[in-house]
Amino acid sequence: MDEVLDKVDPERAWAALVASIVAVFGLGSVLFHRTVYVEFIWHYFWGPVYADSEGASCVAWADGQQRLLDSSECASLQNNPDRLADIGPVAEPGYTLVSEVGYVVVLLVALVGVMFLLRRLDIQRYRTGFYALFPFMLFGGALRVVEDANVAAIRAGVDQPISYPLNTLLISPLIYFTMFFFTLAAVVVAVQLDSRGYVDGFEYPLAGIGTAALLSCVGYLGYLAGTAEYVYFHPQVLAVVLVGATLAAGLTWVAIDRFAPEVNRGTGLIGLVLIWGHAIDGVANVVGLDWAAELGVHYGDLGPKHPVNEAIVNVTGAVLPASITHYTGTAWPFLLVKLVAIVLVVWIFDENVFEDSPRYTVMLLITVLAVGLGPGTRDMLRATFGI
């Protein structure tokens, strides 16, 4: 058995796995259309994307007609199981536990493929590569806000700047693929520039590409704020989130350095970046869910999009009396959970992990940062531009 495994090419095995997954769901969608495609793929993955792209509260399958419904119609369906069975399934924008598990599986498979690619590109400076990819995390969140501006256009009764189906490339989960291929192309270009002697290190052009993309995206949102009636500009939100996250991350880092320095021995300053990125997500959620009105921001529904976030908000509201949550809000425990969770992650990545597999370790750290800083940037900019 060991001899057989030794002869297996890992890259070919990975390609065969990906092809098998695509074949299973492709053939399943044809042979068992209702069960595989409608009840699973459409219900949990494509339906939410379509509803989000059209600014609907939910979308009903309706024998393939994909009927877009407003909030009152969605609530009526939930209260009428018989009608729901006839018209369903019904998908709402956002995430479910099923879709999140699916995204995690896809992410892990993609990470293995990226690791093979990095090995072929012969990238060695992993830690500097981490910092070079930092602007791409911010760009991903900002790019998602461009689609939020599209939805704001629908609510304002004007044409979308980017219409369906092109705007689906900016909605989860497709935006992950959009960002993946954009970043992949940037890495290949940067490595080629380095290998041909045009630059002294791939990280410099890579960081430059990411920064240029981020500035272009934010500049476009700023243009909309100055020309469109449905986009605003609230710099106080940006200031509060950035200052709040920096303070939270700084205090956490100081506490680690003083009371448990072994936590960050493996990651070093990368650990601080990770904590800051997830603090952005936590503070942006607290500001968006509880303090937007106090900061002068009034926009559409910014309810929790993730089941964990929603559960924390619901539990806080159920446990604490209204006399307290009236002043504190219900989202603040999410920030504490984010900080505790990311500190534990930093602790896991000790010196031994880096020594055993530095390439894969840095890839995992990039992923950990992206899943916090990307959504956090989106929430921060969405509130900043009032969309």
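Residues numbered from 1 in each chain as written. Predicted model: local features only at pLDDT ≥ 70, side-chain atom pairs only at ≥ 80, totals over all residues. Heavy atoms only, no water.

## Brief notes about the overall build of the chain
Which entries qualify depends on this criterion: By the criteria applied, helices consist of DSSP H or I runs no shorter than four residues and strands consist of E runs no shorter than two, each listed in order from the N terminus. Each residue gets one of three labels from its accessible area relative to the maximum for its type: buried under 20%, exposed over 50%, partly exposed in between, using a 1.4 Å probe on protein chains only. Here a residue-residue contact requires only that any non-hydrogen atoms of the pair lie within 4.5 Å.
Helix and strand counts for the chain come out as 17 helices and three strands. Principal axes of the C-alpha set define a box for the chain whose edges measure 60 × 55 × 45 Å. Within the chain, buried positions represent 45% of all 387 residues. The contacts in the chain between residues at least 6 apart in sequence include a share of 74% that link residues at least 24 apart.

## A few points about the state of the cysteines
So the rule is basically this: Pairs of cysteine sulfur atoms within 2.5 Å are what we label disulfides.
Within this structure, the stated rule accounts for one disulfide. The disulfide bridge from Cys58 ends at Cys74, spanning 1.9 Å between sulfur atoms. On the S-S bond that ties Cys58 to Cys74, the torsion sits near -105 degrees, and the link is left-handed. Here Cys74 lies in helix α4 (residues 71-78) and Cys58 lies in strand β1 (residues 58-60), a separation of 16 residues in the sequence. Both residues of the pair, Cys58 and Cys74, belong to the buried class.

## With respect to the pattern of salt bridges
Let me state the cut-off plainly: One speaks of a salt bridge when a side-chain nitrogen belonging to Lys or Arg is within 4 Å of a carboxyl oxygen belonging to Asp or Glu.
Following the criterion strictly, the structure yields five salt bridges and no others. For the salt bridge of Lys338 with Asp281, the shortest nitrogen-to-oxygen distance reads 2.9 Å. Of the two residues, Lys338 is situated in helix α15 (residues 332-348) and Asp281 in helix α12 (residues 269-291); the sequence distance between them amounts to 57 residues. Overlapping salt bridges, with partners in common, bring together Asp52, Arg144, Asp148 and Arg378 in one network.

## What about the sheet that holds strand β2 (residues 67-69)?
Note the threshold: DSSP-based pairing: two strands are paired if at least 2 bridges between them are found. Angles run from 0 to 180 degrees between N-to-C directions of axes, and those axes are lines fitted to C-alpha atoms, restricted for helices to the stretch in contact.
If you walk across this open sheet you meet the three strands as β2-β1-β3, and the pairing is antiparallel. Of all strands in the sheet, those bounded by a partner on one side alone are β2 and β3 (90-91). Of the strand pairs in this sheet, β1 and β2 are connected by three bridges, and their pairing is antiparallel. Residue pairing for β2: Cys58 is matched across the bridge by Leu69. Contacting β1, β2 and β3, α4 runs over the sheet at an angle of about 100 degrees to β2.

## A short note on the nonpolar core
Heads up, the rule is: Among the buried residues, those of types Ala, Val, Leu, Ile, Met, Phe, Trp, Tyr and Cys that are joined through side-chain atoms within 4.5 Å form a nonpolar core.
Core analysis: the largest hydrophobic core is formed by 78 residues, its most contacted members being Phe130, Leu206, Val241, Leu274 and Ile275. No other element matches helix α8 (residues 134-155), which puts eleven residues into this core. Once residues within four sequence positions are removed from consideration, Phe130 is found in contact with Ile270, Val273, Leu274, Val362, Leu365, Ile366 and Leu369. One finds Ala60, Ala62, Leu69 and Cys74 within the second-largest nonpolar core, a separate group that totals eight residues.

## Observations regarding the environment of Thr211
Positionally, Thr211 belongs in helix α10 (residues 203-227). Residues Thr211 and Phe139, 72 residues apart in the sequence, show an inter-C-alpha distance of 7.8 Å.

## Structural notes on a nonpolar patch on the surface
Put simply, the rule is: Here the term patch refers to residues with relative accessible area over 30% and no salt bridge, with like charges joined within 9 Å and nonpolar side chains (Val, Leu, Ile, Met, Phe, Trp, Tyr) within 5 Å. The Shrake-Rupley method, run with a 1.4 Å probe, gives the accessible areas here. Residue values count only the displayed protein chains as cover.
Together, Val106, Tyr176, Phe177, Phe180 and Phe181 give the surface a local cluster of nonpolar side chains, amounting to about 480 Å² of exposed area. The greatest single-element share of the nonpolar patch, amounting to four residues, is contributed by helix α9 (residues 174-195). Turning to its location among the elements, Tyr176 is positioned in helix α9.

## Let's talk about unusual backbone geometry
Look at the link from Tyr164 to Pro165: it is a cis peptide, with omega at 10 degrees. Turning to its location among the elements, Pro165 is positioned in the loop between α8 and α9. In this structure, Ala62 is a non-glycine residue whose phi angle is positive, near 50 degrees. Along the chain, Ala62 falls in the loop between β1 and β2.

## Things to note about helix α6 (residues 97-121)
The periodicity of an α-helix, 3.6 residues per turn, causes residues three or four places apart in sequence to face the same way. Defined as follows: By definition here, a helix of n residues has an expected span of 1.5 Å times n minus one.
The terminal C-alpha atoms of α6 lie 36 Å apart, and with 25 residues this matches the ideal 36 Å at 1.5 Å per residue to within 8%. For α6, the complete set of buried residues consists of Ser99, Glu100, Gly102, Tyr103, Val109, Leu111, Gly113, Val114, Phe116, Leu118 and Leu121. Once α6 ends, the next one or two residues include Asp122, with phi positive near 60 degrees.

## Some points on the packing of α8 against helix α17 (residues 358-384)
Rules: For any pair of crossing helices, the crossing counts as left-handed if the nearer helix is rotated counterclockwise from the farther one by less than a right angle, and right-handed if it is rotated clockwise. Note on residue categories: nonpolar means Ala, Val, Leu, Ile, Met, Phe, Trp, Tyr, Cys or Pro, charged means Asp, Glu, Lys or Arg, and polar means any other residue, Gly included.
Running from N to C, α8 and α17 cross one another at 35 degrees; their axes reach a closest spacing of 8 Å. Relative to α17, α8 is oriented so that their crossing is right-handed. Of the residues in α17, those touching α8 at Phe134, Met137, Leu138, Gly141, Ala142, Arg144, Val145, Asp148 and Arg155 are Ile366, Leu369, Ala370, Leu373, Gly374, Thr377, Arg378, Leu381 and Arg382. Looking at the contact of α8 with α17 residue by residue, the classes come out as ten nonpolar, three polar and five charged.

Just distances and angles here, no functional claims.
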